Amino acid sequence: MSGGVSSGEIKRLASEVGFDLAGVAGIAETQEHRFFAQWLAEGYAGEMGYLEKCNEAGELKRASLVNAAPWARSVIVCALNYNSDQPYSTHAGTTSQGWISRYAWSRRDYHDVVLEKLRILEARLSEACKEQDITVPRTWCYVDTGPVIERIFAKYAGIGWIGKNTCILNEQLGSWLFLGVLLTSLELAPDLPPPDRCGSCTRCLDACPTHAFPAPYQLDATKCISYLTIEKRGAIPEELRAGVGRQVFGCDICQDVCPWNRQAPLTRTPELEARLELVNPELEWLARLTLEEFREIFRSSPVKRARFDGLRRNVVIAMGNSGDERFLPVLQKLSTSEDAVVAEHARWALQHLRYLTAMKNPSGGEGF
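Attention in this report is confined to the structure presented alongside it. Think of each chain on its own: its residues are numbered from 1, step by step along the sequence as written. Totals for whole chains, interfaces and linings use every residue, but because this is a predicted model, local features are given only for residues with pLDDT of at least 70 and side-chain atom pairs only at 80 or more, for both listing and counting. With hydrogens and water set aside, each side-chain value is computed from the structure's full complement of heavy atoms.

**Thoughts on the packing of aromatic side chains**
- Here a Phe, Tyr or Trp ring, Trp counted by its six-membered ring, pairs with any other such ring whose centre lies within 6.5 Å, and the pair is stacked when the planes are under 30 degrees apart, edge-to-face when over 60, and tilted otherwise. Within this structure, the stated rule accounts for eleven aromatic pairs.
- Taken together, a centroid distance of 6.1 Å and an interplanar angle of 20 degrees make the contact between Phe 36 and Trp 39 stacked. Separated by three residues within a single helix, Phe 36 and Trp 39 lie in helix α2 (residues 31-41), roughly one turn from each other.
- For Phe 36, a relative accessible area of 7% corresponds to the buried category.
- Look at Trp 99 and Trp 105: their rings are 5.4 Å apart centre to centre, the planes differ by 70 degrees, and that puts the pair in the edge-to-face class. Like Trp 99, the residue Trp 105 is buried in the burial classification.
- Cluster of aromatic residues (ring-pair linked, three or more members): Tyr 82, Tyr 88, Tyr 103, Tyr 110, Trp 176, Phe 178 and Phe 249.
- Counting as a charge over the ring demands two things of the Lys NZ or Arg CZ atom: a distance within 6 Å of the ring centre and an angle within 35 degrees of the ring normal. For Arg 102, the ring lying beneath its charged end belongs to Trp 176, and the centroid distance is 5.3 Å. Runs of E in the DSSP output that reach at least two residues are strands. Runs of H or I that reach at least four are helices, and both are numbered from the N terminus. The buried label goes to any residue with under 20% of its type's maximum accessible area, the exposed label to any with over 50%, and the partly exposed label to all in between, with areas taken from a 1.4 Å probe on protein chains only.

Next comes the structure, spelled out in structure tokens:
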């Protein structure tokens, strides 16, 4: 072990920094890591080519920590609760409103919030080592940016179990958790993974509108609404557009229906409190945003990852799924957009909206 700096001390420091949970995982390859290469081979990663990055020896970095950071001896995993007092997507909203994923409501980008706390923890760990005359360890911090699969290490650090929807679930906090990892050359006593408490429940799998789970604990990202509305560039497959519903950035459905989130506590981190204008935003407002307004409104938000035209693509799909005839003029205008993808999706939305309208009013004739 590390001659004095214990896992318990690191957890105490993490709590002082403001993390809700912290734990330590070892670096051994796990069954989940072994499944990763197969998952990629199945094509489930879609266009997320960064997941396939290899080291100089041609080994998948994310398949084993040894491939990415051979110097690391332990992984410190920290979690921050981001749940807010706003309703779930399955409990509120109208067809004229879109849905931005819960994690993107905050006043600051969660990457910055979590990384800032990790940096402070990193500094305090170095200070603790100096105080105990221990060589300052090599460390590296990641928040969704490193060649590590955070949720695997979160499981083995005792943060939670991996649910059937592939999210980390904690018995007390639910699944509204941001994860950050701190790799270190210190050898620390690892925690134990908690038991899987999903039981026979399949609510998350049954609720997915695009059937993105080929089996429990497996996600086909190419059908996941979060992937489609954030990571996917260009056209969204036509057969999946109706299933996207009103989601314009990300999707919370499989978490919203999870029983472990029924009484999830609210975040204690002020920077992660919700911006009310991003909760159930009006689709017409989103559709009329200019590029400059998009940049200003989402300057400190993960939503900027979808890019301006990507968000507009998602918005017109939501309009097409709304069944609301008020959107016809907006869609007509966007059907001639300079962006070919937005224009094509707007034309699809016009056709789909007219179809839904006709289905609601069959006596009105075809008219489309």
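And the narrative resumes.
**Thoughts on helix α4 (residues 110-131)**
- For a helix, the expected span equals 1.5 Å multiplied by the residue count minus one. Relative to the 32 Å expected for 22 residues at 1.5 Å per residue, α4 spans 32 Å between its end C-alpha atoms, a close match to the ideal helical length.
- Those residues of α4 that fall on the buried side of the exposure criterion are Tyr 110, Val 113, Val 114, Lys 117, Leu 118, Leu 121, Glu 122, Leu 125, Ser 126, Ala 128 and Cys 129.
- In this structure, the buried residues of α4 make contact with α1 (7-17), β2 (74-81), β4 (139-142) and β7 (177-184).
- Backbone geometry just downstream of α4 places Asp 133 in the positive-phi region, at approximately 55 degrees. Here, residues are in contact when the closest pair of their heavy atoms is within 4.5 Å.

**Topic: unusual backbone geometry**
- One non-glycine residue, Tyr 217, adopts positive backbone phi at about 70 degrees.
- In this structure, Tyr 217 sits in the loop between α6 (203-207) and α7 (225-231).
- Phi angles above zero are rare outside glycine, and Asn 280 is one such case at about 55 degrees.
- Tracing the backbone through its elements, the reader meets Asn 280 in the loop between α9 (253-256) and α10 (283-287).

**Points about the sheet that holds β7**
- Only strands joined by at least two bridges in the DSSP assignment are considered to pair. With antiparallel pairing, the four strands of this open sheet are ordered in space as β1-β2-β7-β4. Both edges of this open sheet fall to β1 (21-25) and β4, since each of them pairs with a single strand only. Mean inter-strand twist for the sheet, computed between neighbouring axes without regard to direction, equals 20 degrees.
- Where β2 and β7 come together, eight bridges link them in antiparallel fashion. Bridge pairing in β7 links Val 75 to Leu 183.
- Axes here refer to lines fitted to C-alpha atoms; in helices the fit is confined to the stretch in contact. Angles between the N-to-C directions go from 0 to 180 degrees. Set on the sheet, α1 makes contact with β1 and β2; between it and β1 the angle comes to about 150 degrees.

**Digging into helix α12 (residues 308-322)**
- With 15 residues, α12 extends 21 Å between its outermost C-alpha atoms, agreeing within 8% with the 21 Å of an ideal straight helix rising 1.5 Å per residue.
- Among the 15 residues that make up α12, 14 are buried, leaving the element largely enclosed by the rest of the structure.
- Two residues or fewer after α12 comes Gly 323, characterised by a positive phi angle close to 75 degrees.

Without other data, these values stay purely geometric and don't point to any function.
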